[in-house]
Amino acid sequence: MSTEKLAIEGGTPVRTVPLPSVSNKSGRDVGKEEIENLTEVINSGSLFRYGGKFVSKFEEEFPEMLGVKHGISSTSGTAAIHIAVASINPNPGDEIITSPITDMGTLIGILFQNAIPVFADLDPETYTLLPESVEARITSKTKAIIPVHLFGQMCDMDPILEIARKHGLKVIEDCCQAYLAEYKGHLAGTMGDIGCFSLQQSKHMTAGDGGITITNDDDLANRARLFMDKGWPREPGARDYMFLGINYRMNELSGAVACAQMEKVKGIVERRRKVAEGITRLIADTPGVNPPVVRNGCKHSWWLYPITIDEKVLGITPQEFCKALTAEGVPAGVGYIGKPIYMSPVFQERKTYGTSGCPFTCPHANPREYREEDCPNTLEILRKIITLGCNELFTEQDIQDVGDAINKVARYYAGRKS
Ligand SMILES: *Cc1c(COP(=O)(O)O)cnc(C)c1O
């Protein structure tokens, strides 16, 4: 195989049929069950969550599946995190420590509550928060930590929770990519004070868009529910609004789909584990390729499948490797996001509220610059990391093709080098 001509140099690609994609039916288990629930909603004529049954059912059964008391649904993962941040009620200028490799949805709720995101550096092998870096970023203004369980692997939660306890901080888990991931037997979203999930199209379960915030804390749940619905308790009598809230209500159409997907998510995660383990087995001895590292005692849930290459062994850059792999019919990208999220205009140019620069310029906030070099491991991770798609509808053949393509490209370059 090592001498086979690469597709990028005019050879025959390993495959020409696209791999199953989460963007459409080829990689998504969406069908009969969702249609049945949706039909019931339409036939009832009641599309609003209050008066309907599916959103309430989702809010009861989703947390129950994880062994948590309360669930507050919403319109997105961004909303779910915003709700979580609002429920801990930070003061303007309070700081929340999180990961520089994430979706902007992790940060939007922090900024909309006029709190300040602070970024800790990451572990170079698992791409999750480095506990010692988190601790080093704590100031008198720190209110909470948001560990992001990136690509489906949980952060190192024991030391993070220990640091939070020591400093009196709340922990909000961003589980948008980590449904049913486990850390030493604990499910994602059940270890911190609050867990947040997204139902956007690409996540393990989807309603197109949607979110849910879970917690065991009655007071946080109460604030979360009020915040999600304009601060309105919906009690009998005249309307009243208890504090500044928002409208993030999920509707029954989304709830109907969310309920059907919830029944499938365990199977989806199990199948993704088989797919990822299959690929890992096929590339275990591939020269110059490092399969994903799964932390001891933990279970990954594989939102994406991340690898790195040894540039010295292959004599090429991660970009060149991705180009060659993509040409073989296995799409791959470098970096996931191109730069640490704090390098975006939101942080660098303070593109927030009018020309005020709030909340960064808030008199309650400590002055802070976001400098590229703040998180050196993160820069190296983003330069090196290669992500491949991974979903529950990959067949044995698909797994084999991914393994064959990686082997073909790696062996070609390793052979040419030596
Ligand atoms: C998807 C995602 C979000 C935001 O979810 P949306 O539903 O797109 O708003 C937040 N954090 C992470 C880690 C995500 O992957």
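Remember, predicted model here, so these are calculated numbers, not experimental data.

Student: Residue-level account of the overall build of the protein chain, with values.
Tutor: From N to C terminus, the protein chain includes 13 helices and 14 strands. When the backbone C-alpha atoms are referred to their principal axes, the protein chain occupies close to 80 × 55 × 40 Å. Of all 418 residues assigned to the protein chain, the portion counted as buried reaches 54%. Sequence separation of at least 24 residues holds for 71% of the intrachain contacts in the protein chain that already meet a minimum separation of 6. Surface accessibility of the protein chain: about 17600 Å² in total, with carbon and sulfur atoms responsible for 51%. Both charge centroids of the protein chain, one from 45 positive and one from 53 negative side chains, sit 2 Å from each other.

Student: If you had to explain the packing of aromatic side chains to someone new, which residues and values would you point to?
Tutor: Summed over the entire model, instances satisfying the criterion amount to 19 aromatic pairs. Geometrically, the ring pair formed by Phe58 and Phe62 is tilted, given 5.6 Å between the ring centres and 50° between the ring planes. With Phe58 and Phe62 both in helix α2 (residues 54-66) and four residues apart, the pair spans about one turn of that helix. A residue is classified by how much of its surface remains accessible, and Phe58, at 0% relative accessible area, is buried. An aromatic cluster is defined as three or more aromatic residues linked by ring pairs; in this entry it consists of Phe119, Tyr342, Phe347, Phe360 and Tyr370. Above the plane of the ring of Phe243 lies Arg223, whose end atom (NZ or CZ) is 4.1 Å from the centre. Just above the ring of Trp232 sits the side chain of Arg234; from NZ or CZ to the centre is 4.0 Å.

Student: Tell me about empty space enclosed by the protein, and please be specific about residues and values.
Tutor: Summed over the entire model, instances satisfying the criterion amount to one cavity of 30 Å³ or more. Approximately 50 Å³ is the volume attributed to the largest cavity. Together, Glu125, Thr126, Tyr127, Leu150, Phe151, Gln153, Pro292, Val293, His300 and Pro306 line the largest cavity. For the lining of the largest cavity, the per-class residue count stands at six nonpolar, three polar and one charged.

Student: Please set out the side chain of Asp229 residue by residue, giving values where relevant.
Tutor: With respect to the secondary-structure elements, Asp229 resides in the loop between α7 (218-228) and α8 (252-282). Ignoring sequence-local partners within four residues, the contact set of Asp229 consists of Tyr50, Arg234, Ile246 and Arg249.

Student: I'd love a proper account of the site of the ligand, names of residues and values included.
Tutor: Close to the ligand lie 14 residues; Gly77, Thr78, Asp174, Ser198 and Lys203 are nearest. Gly77 places a polar main-chain atom, nitrogen or oxygen, 2.8 Å from an oxygen atom of the ligand. In the complex, the protein chains occlude 92% of the 380 Å² of accessible area that the ligand would expose alone. The dominant element in the shell around the ligand, judged by the number of residues it contributes, is helix α3 (residues 77-88), at three residues. When its residues are assigned to classes, the shell around the ligand shows three nonpolar, eight polar and three charged.

Student: Mind laying out the sheet that holds strand β7 (residues 186-187), listing which residues take part and the relevant values?
Tutor: Spatially, the three strands line up as an open sheet ordered β7-β6-β11, and their pairing is antiparallel. Since the sheet does not close on itself, it has two edges, and those belong to β7 and β11 (298-299), each with one partner.

Student: Any details on the pattern of salt bridges? Residues and values, ideally.
Tutor: Taken as a whole, this structure holds 27 salt bridges when the rule is applied. Asp29 serves as the salt-bridge partner of Arg271, at 3.6 Å between the closest nitrogen and oxygen. Note that Arg271 is positioned in helix α8 and Asp29 in the segment before α1 (32-44), a separation of 242 residues in sequence. Taking the relative accessible area as the measure of exposure, Arg271 reaches 34% and is therefore partly exposed.

The rules behind each value
- Residues numbered from 1 in each chain as written.
- Predicted model: local features only at pLDDT ≥ 70, side-chain atom pairs only at ≥ 80, totals over all residues.
- Heavy atoms only, no water.
- Helix = DSSP H or I, 4+ residues; strand = E, 2+ residues; numbered from the N terminus.
- Buried < 20%, exposed > 50% of the residue type's maximum accessible area, 1.4 Å probe, protein only.
- Contact = heavy atoms within 4.5 Å.
- Areas by Shrake-Rupley, 256 points an atom, 1.4 Å probe, with all protein chains shown as cover.
- Lys, Arg positive; Asp, Glu negative; His and termini not counted.
- Charge placed at Lys NZ, Arg CZ, Asp CG, Glu CD.
- Phe/Tyr/Trp six-rings, centres within 6.5 Å; stacked < 30°, edge-to-face > 60°.
- Lys NZ or Arg CZ within 6 Å of the ring centre and 35° of its normal.
- 1 Å grid on protein atoms, 1.4 Å probe; cavity = no way out; pocket = protein on both sides within 12 Å on 5 of 7 lines; lining within 4 Å.
- Points joined across faces, edges and corners; volume = space filled by probe spheres on them.
- Nonpolar A, V, L, I, M, F, W, Y, C, P; charged D, E, K, R; others polar.
- Near = heavy atom within 4 Å.
- Polar contact = N/O pair within 3.5 Å; in protein donor to acceptor, adjacent residues only side chain to side chain.
- Pairing = 2+ DSSP bridges.
- Salt bridge = Lys/Arg side-chain N within 4 Å of Asp/Glu carboxyl O.

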